[in-house]
Amino acid sequence: MPDLVVPRGVLPFHLEGRPVRGRLVRLGPLAEAILGRHDHPPAVAALLGQALALAAGLAAALKFTGSFSVQAQGDGPVPVLLADCTDQGALRGYARSHPDRVAALVEAAAAAGGAPDAAALLGRGHLAFTCDQGPDMTRYQGLVAIEGATLSEMTAHYFRTSEQLPGHVHLAAARTAEGWRAGALFLERIAGRSGPAEPAAEDPEEAWRTARTLAATLTDAELLDDALPGPALLRRLFASEGGLVIDRARSLSYGCRCSRARLALILERFSDEDLDHMIQEDGAITVTCEFCNHGFRFERSELRGGARNG
């Protein structure tokens, strides 16, 4: 597995004297390391890339120990989409799709001069945001029906229907000359004002509308451009506002948590009869991780079935 860390994967920031804070997420080569291990059609890989950036950005806003996940389940050509990020920034994700249905959808969209959006790929279903801090802590989950054409719109729908403050989300993922890239810009309206307790520069509502208008000028090309440093991008967006403060960056890393030992424990829960049925032509059992697509080969003699253990 690649030992890959993006030191400034998440850049938190705020606008002093205004009720605005946000995060810029750029996966850089990490997107290629995760997406490039799978043979997904470009439309599916792009959707997964957006989900990875979304999970990284939302996890960075929370104080927790464990993992934060974004999961979509629907009846479309991509029935399962999952991305999760730990409190340490370890990121992983996978998409389960029906290749024939995806190909038909892509062909139909191309005939109409476009590409399938997230709504067409996922179909009807729900979007879940889950914070899992282990068996000894309460598991928090927010659930909302899939609504909107893009994953950004679906996330905005979640924020609107929850008790959270207003926000703006821009997600992007695409294959560039350097490989797959993915990123996100999050903007949140907070109850007070960011920075020192000084008189507000303008009406808070107007300040929020202005910040959102400026954030909306961001293009996918800018967000995914390795040659444009994150701080420079933020200054480009909010230069007219002044008071831009970039806070301490957070790193992101390749975070598949599979291991041979863990998979062996899972296999040994099956009975000897079930294990015998799993044997392939080469006389071994091969298990492939859905997240990293790495195959683990086990000789049948290495495994003891649950029936024998019990």
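No experiment lies behind these values; they were computed from the predicted model shown.

Section: the side chain of Arg-26
Take Arg-26: it is sitting in strand 2 (residues 20–26). Here the side chain of Arg-26 touches Leu-228 through a polar contact of 2.4 Å, landing on its backbone oxygen. Every residue in contact with Arg-26, bar those within four places of it in the chain, is listed here: Val-6, Gly-9, Ala-182, Gly-183, Glu-222, Leu-223, Leu-224, Asp-225, Leu-228, Pro-229, Gly-230 and Leu-233.

Some points on the packing of aromatic side chains
For the coordinates displayed, the defined rule picks out four aromatic pairs. A centroid spacing of 4.9 Å and a plane angle of 90° characterise the contact between Tyr-94 and Phe-291, whose relative ring orientation is edge-to-face. One end of the pair, Tyr-94, is in strand 5 (residues 90–96); the other, Phe-291, is in the loop between strand 12 (284–288) and strand 13 (295–299), and 197 residues separate them in sequence. Taken individually, Tyr-94 and Phe-291 each receive the classification buried, so the pair is uniform in this respect. Measuring from ring centre to ring centre gives 5.7 Å for Tyr-158 and Phe-159, while their planes differ by 55°; the resulting arrangement is tilted. Of the residues examined, Tyr-158 reaches a relative accessible area of 7% and is grouped as buried. According to the relative accessible area criterion, Phe-159 is buried, its value standing at 13%. Through successive ring pairs, a cluster of aromatic residues spans Phe-129, Tyr-158 and Phe-159. Positioned above the aromatic ring of Phe-291, the side-chain terminus of Arg-92 is 3.9 Å from the ring centre. Over the ring of Phe-298 we find Arg-260; its NZ or CZ atom is 4.4 Å from the centre of that ring.

Let's talk about the pattern of salt bridges
Applying the stated criterion to the full structure yields 17 salt bridges. For Arg-124, the salt bridge is made with Asp-75, and the minimal N-O distance between the two is 3.2 Å. Pair noted here: Arg-124 is in the loop between helix 4 (118–122) and strand 6 (125–132) and Asp-75 is in the loop between strand 3 (67–74) and strand 4 (80–86), with a separation of 49 residues, a long-range link. Assessed through its relative accessible area of 69%, Arg-124 is described here as exposed. Judged by relative accessible area, Asp-75 falls into the partly exposed class, the value being 36%. Among the ionic pairs, Arg-300 bridges to Asp-272, the shortest N-O distance being 3.0 Å.

Quick notes on the rules
- Numbers given to residues run from 1 along each chain, matching the order in which its sequence is written.
- Thresholds applied to this predicted model are a pLDDT of at least 70 for local features of residues and 80 or more for the giving and counting of side-chain atom pairs; totals over whole chains, interfaces and linings are not thresholded and use all residues.
- Derived side-chain values reflect all non-hydrogen atoms in the structure, with water molecules and hydrogen atoms excluded from consideration.
- Secondary structure elements follow DSSP: runs of H or I no shorter than four residues count as helices, runs of E no shorter than two count as strands, and numbering proceeds from the N terminus.
- Distance and chemistry together define a polar contact, namely a pair of N or O atoms within 3.5 Å, with one atom able to donate a hydrogen and the other to accept it when in protein, and with adjacent residues in sequence counting only for side-chain atoms on both sides.
- Contact criterion: two residues are considered in contact whenever any of their non-hydrogen atoms come within 4.5 Å of each other.
- Stacked, tilted and edge-to-face are the three classes applied to pairs of Phe, Tyr and Trp rings, where Trp contributes its six-membered ring and a pair requires centres within 6.5 Å; stacked means planes under 30 degrees apart, edge-to-face means over 60, and tilted covers the rest.
- The buried label applies to any residue whose accessible area, calculated with a 1.4 Å probe on protein chains only, is under 20% of its type's maximum; exposed applies above 50%, and partly exposed to all values in between.
- Any Lys NZ or Arg CZ found within 6 Å of a ring centre and within 35 degrees of that ring's normal is scored as a charge over the ring.
- Salt bridge, as applied in this entry: a Lys or Arg side-chain nitrogen positioned within 4 Å of an Asp or Glu carboxyl oxygen.

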